[in-house]
Every structure is written in C-alpha cells, then in structure tokens.
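Architecture and fold: a report
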Amino acid sequence: MRPEHREGARDDAARRVAERHIAEAAELGEDYLEALLNDTLYHEQRRLERENPSDPKTRAELAFYANLRRELHRLHGFDLENALGRVTRRFADEIVGNFDERVYQLTTTVLPPALSVLLSAASPRQLLAGSVRQRLSEHIQIQGSIDHAKKLLDHGTLIVVPTHSSHLDSIVLGYAIFLMGMPPLLYGAGLNLFTNPLTSFFMHNLGAYRVDRKKSASLYKDVLKEYAVRSLELGYSNLFFPGGTRSRSGGLEQKLKKGLLGTGISAYVNNLKTGRAKPNLYVVPCTISYKLVLEAETLIDDYLKEVGKSRYIIEDDEFSKPRRVLKFLSNVISLDSRIVITFSAPLDIVGNRVDSEGRSIDARGRIVDPLSYVARDGQPVHDEQRDNQYTTELSDAIVSAFRRDNVVMSTHVVGHASMALLKLKNPELDLYRLLRTGGSLPSLEISELAEQVERVTTALRELKNGPRLGRELEQRDPRLIIDDALRYFGTYHTQPAAIRRGSRIVHQDRNLLLYYGNRLSPYELGRRLGSAYVQAA
Amino acid sequence: MNDETVGVIGAGSWGTTLAKVLGENGRRTLLWTRRPELTREINETRKNEVYLPGVELPPNVEATHDLAKVSAGAQLLLLVVPSHGLRQIAFELGDHVSGEHVVVHATKGIEQESFKRMSEVLREETCVRKIGVLSGPNLARELALGQPTGTLIASRYDEVFRRCHAALHNGYFRVYWGEDVIGAEVGGAFKNIVSLASGIATGLGFGDNTRALLVTRGISEMARLGTSMGANIMTFAGMAGIGDVVATCFSSLSRNHQLGLRLARGETLASIQADMTMVAEGVKTSKAVYNYALRKGIDLPIVRAVYRVLYEDQSVGDAIRELMATPTGAEFLVSLPS
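So, a few notes on the structure that sits alongside this text. (Residues numbered from 1 in each chain as written. Chains lettered and ligands numbered in written order. Predicted model: local features only at pLDDT ≥ 70, side-chain atom pairs only at ≥ 80, totals over all residues. Heavy atoms only, no water.)

A few points about the sheet that holds strand β9 (residues 149-155) of chain B
All names here are of chain B.
- Strand order in the open sheet made by the eight strands is β5-β2-β1-β6-β7-β8-β9-β10, with mixed pairing throughout. Two strands bound the open sheet, and with one partner strand each, they are β5 (61-64) and β10 (173-178). Between one strand axis and the next, the sheet turns by 25° as a mean value, whatever way the strands run.
- Pairing of strand β8 (residues 130-135) with β9, which is carried by four bridges, proceeds in the antiparallel orientation. (Pairing = 2+ DSSP bridges. Helix = DSSP H or I, 4+ residues; strand = E, 2+ residues; numbered from the N terminus. Axes fitted to C-alpha atoms, helices over the stretch in contact; angles between N-to-C directions.)

Structural notes on the environment of Val 303 of chain B
Residues and elements named next belong to chain B.
- Topologically, Val 303 is positioned in helix α14 (residues 301-311).
- Taking the C-alpha atoms as reference points, Val 303 and Leu 196, 107 residues apart in sequence, are found 9.9 Å from one another.
- In contact with Val 303, not counting residues within four places along its chain, are Phe 190, Ile 193, Glu 221, Ser 286, Val 289 and Tyr 290. (Contact = heavy atoms within 4.5 Å.)

Thoughts on the side chain of Glu 100 of chain B
- Tracing the backbone shows Glu 100 of chain B in the loop between α4 (83-94) and β7 (102-105).
- Of the side chains with opposite charge, Lys 130 of chain B comes closest to the buried, unpaired Glu 100 of chain B, at an N-O distance of 6.5 Å.
- At a separation of 2.9 Å, a polar atom in the side chain of Glu 100 of chain B contacts the main-chain amide nitrogen of Asp 377 of chain A.
- Within the structure, the side chain of Glu 100 of chain B is placed 3.2 Å from the backbone nitrogen of Gly 378 of chain A, a separation counted as a polar contact.
- If we ignore the near neighbours within four places in the chain, the residues touching Glu 100 of chain B are Ser 372, Ala 375, Arg 376, Asp 377 and Gly 378 of chain A together with Gln 75, Lys 130 and Arg 163 of chain B. (Buried < 20%, exposed > 50% of the residue type's maximum accessible area, 1.4 Å probe, protein only. Lys, Arg positive; Asp, Glu negative; His and termini not counted. Salt bridge = Lys/Arg side-chain N within 4 Å of Asp/Glu carboxyl O. Polar contact = N/O pair within 3.5 Å; in protein donor to acceptor, adjacent residues only side chain to side chain.)

Focus on a nonpolar patch on the surface
- Judged by side-chain polarity, Ile 242, Val 246 and Phe 250 of chain B come together as a nonpolar surface patch covering roughly 240 Å² of accessible area.
- Structurally, Ile 242 of chain B can be placed in helix α10 (residues 239-249). (Patch = residues over 30% accessible without salt bridge, like charges linked within 9 Å, V, L, I, M, F, W, Y side chains within 5 Å. Areas by Shrake-Rupley, 256 points an atom, 1.4 Å probe, with all protein chains shown as cover.)

Looking at the sheet that holds strand β14 (residues 443-445) of chain A
Residues and elements named next belong to chain A.
- An order of β14-β17-β16 is seen for the three strands of this open sheet, with the pairing classed as antiparallel. The two strands at the open ends of the sheet, each matched to only one other strand, are β14 and β16 (498-501). Here the strands of the sheet are splayed against their neighbours by 30° on average, with no regard to which way each runs.
- By the bridge criterion, three bridges tie β14 to strand β17 (residues 504-507) in an arrangement that is antiparallel. Of the residues in β17, the one forming a bridge with Leu 444 is Ile 505.

Overview of the interface of chain B and chain A
- With 20 residues of chain B at the interface, the matching set in chain A holds 22 residues.
- Surface buried jointly by chain B and chain A totals about 1800 Å² across both partners, of which 39% is contributed by carbon and sulfur atoms.
- Summed over the three residues of chain B that lose the most area to chain A, namely Glu 100, Arg 129 and Arg 156 of chain B, the buried surface amounts to 33% of that side.
- Here chain B is connected to chain A by five salt bridges.
- In this structure, Arg 364 of chain A and Glu 125 of chain B form a salt bridge, with 2.7 Å as the shortest nitrogen-oxygen distance.
- For the pair chain B and chain A, the number of links is 18 residue pairs in polar contact (both at pLDDT 80 or more).
- When residues of the side of chain B that touches chain A are traced back to their parent elements, those giving at least two are α4, α5 (118-125) and α7 (158-168) of chain B.
- Residues of the side of chain B that touches chain A, tallied by class, amount to four nonpolar, four polar and 12 charged. (Buried area = accessible area lost by both parts, 1.4 Å probe. Nonpolar A, V, L, I, M, F, W, Y, C, P; charged D, E, K, R; others polar.)

Quick word on the pairing of β16 of chain A
Residue and element names in this part refer to chain A.
- Direction of pairing for β16 relative to β17: antiparallel, over a ladder of four bridges. Each bridged residue has a counterpart across the sheet, and for Arg 500 the counterpart in β17 is Ile 505.
- The loop that links β16 with its antiparallel partner β17 comprises two residues; one of these, Gly 502, has a positive phi angle of about 65°.

Looking at the pattern of salt bridges
- By the definition in use, this model includes 62 salt bridges over all chains.
- Arg 10 of chain A serves as the salt-bridge partner of Asp 11 of chain A, at 3.1 Å between the closest nitrogen and oxygen.
- When its relative accessible area of 31% is taken as the criterion, Asp 11 of chain A is described as partly exposed.
- Ionic pairing is found between Glu 124 of chain B and Arg 87 of chain B, a salt bridge with its closest N-O pair at 3.0 Å. Note that Glu 124 of chain B is positioned in helix α5 and Arg 87 of chain B in helix α4, a separation of 37 residues in sequence.
- Each of Asp 12, Arg 15, Arg 16, Glu 19, Arg 20, Glu 226, Arg 230 and Glu 233 of chain A takes part in a single network of salt bridges with overlapping partners.

Some points on the pairing of strand β2 (residues 156-162) of chain A
All names here are of chain A.
- Most of β2 is tucked away, with seven of its seven residues classed as buried.
- As defined by bridge partners, β2 adjoins strand β6 (residues 280-289) across seven bridges and the pair is classed as parallel. Each bridged residue has a counterpart across the sheet, and for Val 160 the counterpart in β6 is Val 284.

So this is what it looks like as structure tokens:
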C-alpha cells in the first residue's frame, strides 16, 4: 500500500472498529465496552505470559495492558471509549505493513534472481548470469483464467483465494502474479514469515501486513478484517488463504474460514455507499499444486497426532530450517518439478460467475446486477446475517472451484493407490496401526499397484467436474506414473515414502503416502471404485 | 417493508389459499395463474371454483398471468407449483427476478431424475439467493376456511422468515422459523409417501393402531433419509415432519391419502390418476426416493412397499404382508444430537 494510503487505512480501521463497538454499546449499555476490553485484556495477557519477558516489545506490551487493567474499572463514558480507541489503534499499528511501490518495482526486478538463487541453491555468482530468473519461471507453470483475472482489474478489485499447503505458497504466488504482469497483492502474512530469514525480505517489502495468529482477542480480529476491508475499498487487490492455515492432512480445503472471505462483501457495500468508481469486488480461486510439499512430514505428523485438534501454529517445521528449504528448492529445479498454479473462473461476492467485462452471470447465463444482492429498496445496506450467508454461498463456490481446478500429480495418485492397496491387504488393521506397522508385508507387488493406479487415473479422467491431471498423468502406462512418483519420493524427504526393489515397492513412510494420497479425497474414489478399492483418506 | 406486496405464483388450491390469507392480512397480493381464463375467472368472480370451490377471495388479491408483472410488483414471491413444473416456472421467473427478490416455495416434492430439492432447482434456474421453503400441516381447504393451523418457514436467511412472518402470520395461521431447509424439504416430500401408505391401510379396513404404526415408522424412514442428506433430525419432530404427516395421514382431504384408499379398494393407478384434478405428489416422490435409497444403500421398507404397489403391480395385500415380515430391531437407528 502506498504510504499515504497506509496510514489512512490504519487509522480508518482502528476508528471504524471502535465506532462500531461504541454504537453497539449505545444499545447494550456501557458494560458491553468494559466486557469487550476485559476480554481483550484477558487474551492479550495470557498470550504475553508465554512470550519472552526480557524482549523489549513484550515488556512494552505488558506495561500497556497492566496500565489498562489498573484503570479499566474507573473508566466511564468518553474515557472508556478513548481506551477502546487506544487498543484498536495499537492493534492497527502492529498490523500495518511496509509496502512501498518503489520497493516493489525494485524487488520484482532484482529479487526474482535472488529468489532463484535461493530456489536453486546456486552460488551467488550465478545471480549475475541472468539466466537464473528464467530458470525459475520455467518451474512455475501458470494456467487457467489468467487473462480473465487480469482484465477484471479494469473493472474492480480482486481477492485471490488459493489453496494452502506450504509457507512457500505466498512467495510462489507473489512471483506468479509478477510474471503475469499484475500489480502486487496485499496480504496478511503470519509473523513467522517476517522473522524467517528466507522470506522476511519479501514480507517486509512486498504487499504484506502482519498477522499475529497468537492474538486470539476478537477485537484484534475485528481490526485485522477492517484493515483488509479498507484496503479493498482503496482498490488494493488482496490475497487470502481461505483455509486459514496450511492443510494438515494434505487434502484440498473443503471448509473455509468465513472471516476474511466476508471482507469482500463489506468492502463492496461500503464502495456503493460512498459512490466509488469501479465498486465491484471479484474473487479468484486458485490452486497451487506441488509434487512434493516442503513441510509434508511435519504437517501429516501433526494431523495424525490428534485429528481435528491440530496445532494451529507450528514454528519448528521444515520451513524454519533453511537447509531443508534449500534442499527442497534445489530438488524442484533439478527434477524439473513444476509448481502448477491454476486460476479458476472468477466469481462475484455471492459466488456467481463473472464475465470478462466484470458482469455477474447467473447459472443460466443471465446478467445479474450485484447491487441487487445488497440492496433494500434499491439502496445498499449492510446486513450481517445476510452477508454471512452470502459468504457461505461464496465459500461453496470456491470449494467446488478447488475441486475442479486441482492439478493431480503422480505422487498423489501413487500415494492414494498404495494406501488403498495396503488397506485391502490388511483389512483387520485400523488406519493408525496400519500406518505404524505397515501390515503383513513390507512391500507391494508392482503389478498390483499398477492396477490400482490405473483404476484411480481412469476414475479421475471420467469425472465431469475436475480435477485436472498433471502432465505425467497424460501417459497411460501406470508403471511410468509409478516410476515418476518414486523418483520424487526418493529425493527430498528424510526417508523416501516408497522405493522400488525389483518387482516390488517397499512402503517406507506410510504417513507420507497418506498425505499425498489425501489430495484426492474430494473425489470419493473409495465410493466410486467400490470394494476393490478402499478409501485411502 | 410491513406492507409489501406479495406475489403468489401458482393458483392451485394451496396457492389460492395462501393468496386468501395474504389478502385477509391486508396485503396487496398478485396471484399468478398459468391460464388466462383462470385469471379472468378469479378477477371477475373472486373465486377459483376448480381448485378451491366455494371460497371467496378478498378484493386485494389480483390475478394475473404475467410473470413479469408479478416480479416487478412484488419482491416477496411464494412459489406454489407442482414439483414437476417447478423447474420450468423457475426458469421463466429467472428472466424477471434480481438478487433483491425473496423466493419461498411451498412445493412438497423432489425432482424425479436428479433427486434435487426444490431450493436447489431454484438456485440453478434463477439468480436468487434469499430462498426459503414453507411447509407444515397445511390442508388447503381447512386453512381457507380460517381453521387454526401453523407452518414452518425454513431459510438460511433471517430476512426471509421476517418478511414471510410479517405477511402470513395471523390469528389462525401461526408461522414458525427454522434454518434447516433440507429437513423441511425432505419432510414435505416424504410425508406424501407415508400418507399414501396410510391411505392404503385405511382402505384395507385397518384401524388406528395400524395407521399409527405406519406413521411412526414412516417418520423414522423420513429421518433416516433426511439426515443422510444433511438435515437436522429435530426438524422431523416439528411442523414439517410429524405435524405434516399427522395432518395428511389422518385426513380424508389429503390427495395422497385418497389415492392410497382407492388403490386398496382395487382401482389401478392409471384409472385413479385419470379422474384426479390435482396432483398426488406421493406417486412421483415414492419413485424418486426409492431409486435414490437404492443407489445410496438406505433401507426404507415403507417406501419400497409403496413403490412396488405403484410401479410393480404388487397387490396391496402382499405389500402389507411383506412389510410386516421385515425384521425389527432397535427402534432408533439414527442417534439423537447430544
């Protein structure tokens, strides 16, 4: 965000949130404000207890909240409202990023080579060769509604919503956006991306603002959302990961977080109310598909530890270990592993398709005026309950786009087929025992696995609404697909998911097989293929 | 908003009845009819003799056969057409509505081939998002005579309920609210099958025990099907579940009940349908549900029995015998929410 916008957006976000709560208090009474501040105090003090007390930033925060606690019960009326304003302002200050258009110009030309160096783990001298940048762009394949999305920039503001498997997603996508010739996307990045040596440079200088996911106070989330709303109103296209966090299981996101998604509709209504030119908001789903995922081992481990109660924040994964990242990235380059980014057909704020002129289109191809969804007697109005439901409908449309435009790769198919075969061979074992022991045999006959792979690819090809199949799946010989997957499985992870020994495939890390196979879970292969095939997810 | 004009699309007995209620509540009401003759009849005589004989409509109900006029004049639309015609009408309506419209359907059926619920069809054929369903123990004739009853408006949008409640609720018609659209739709469609079965039992001369058995087990099948489709099981204990089943299974006014009765007396489906002016939804719904349950592996014995009588020429006696021969087990197979 440009500096003049950034400060304004920060102030607006803090002020709007405070005003909204003050209006609420006018109806519910002053106790409401006191309770809200107490709740914030509680969450913030609990968070700070776990921080390093000698850190000057922590010390300052502790002092701020200790002070608030002392005076809170004495505050009334204007003073109480003032205190609320101070807290929201504090949150807004923390959130605001450092984006500078000039820095962006610089980074997009200088940094891709730098990123390439990181990616290829090459010596810095290669940076000067100039060929590196080209090499990197060769490894990111961008497809789908690219021109459509670009064209919509003439008609409104975009919200790009990708699938999320890795901390590399935002960097890879940011670079893709640059390659596409689009202006940068504003996005909220976790604090760890700011502290990680590999990404801090990007985060500080590209369009990122800070999201501290340890802050659980609802007031903080309000300010965060309002900042996104305000930036959208100012015409800055945003990037949100609608799954909220990296997929732990390896599966495609099937349930999305509504909080940030809902900012589109708020911004749209505000735009209409203020009579802004080009008030429309467009949502562009996008899938990011990797053959290998940097953090796969940690993520699936976390998923299995306690299904449904995954740690929300993981700080000690592969991403925090530069050598792992370099190993991963050099594999990407040397194996010619493309990272495939697929842009889906853009949507309006209630999930309708949008044409290249930015007009909403209903399921029967009629043009719809999006204003009609938020209008009452022709005038735009906010309605929280209604807008939450619209966001649910939008979320359904995004989930189907993910399902349709997911790019399935050899590692996913072989992971899924191997797990299915293992289950078929060991019907008496539950999933956890199977993962731990591997069942009766340490290996699978390659011909049997090939049969399963054949079944999976045939079933996927027959599906009407996606997925897309990766290049290596275009070939029909299942053995070549297995070879391709094994080549990848054998290179990056601590221990290969599976290796070939003669005519057999030895399954070594079944957690990884499960993880990669889970990418196919939306397609219900178990149900489709019947008893000869067991749902691996 | 408290005096908004309401459009009623479909002037069968139920649509005409709802128009009457709206009119009596002081709402200007536009009642859409497919046939211009019926439009003229209603506007000239204030009556709809074929579908609601002997009932007079209030003066603020205006019939029209122009869909564009209805959707331009009213943003709250009640869609009251048979399930097999809903897609076509929704498609036509789609040319005239915007995102500002609220569409609530009162159709108790499910699309034959696709097994889609009516709200899903509406979603596919129009741009409307604010969709709801009206369902409950609502025998048209009784309500038209002003006898007390209630109904359920189910919608994910609060606004849909608020506007329907403001327009419809009165001293003899109680309007309740729910969020479970799937449950309300499944309940409304499924009760027609139970009603048909209950009609058969009555026709065979069985008494209240038998009917109570059919009704209770019928609701159990309804809940089994509904929860498998994502409904909240509690919906089936409400207006659109038990409420509707009880009304139709113990009433001689119900078309489905009538049809069952005549089947039991030896008439064939074809001959009964030939002289029924109105659609007995249960005939089509039982086929759709039967096929769906087969595909999904859901066990629904009463549906199976009704299906065999209607479509496989099984005698009603054999059907009842087969039904009574199915094994029993725990009464509740679906677990209640804790």
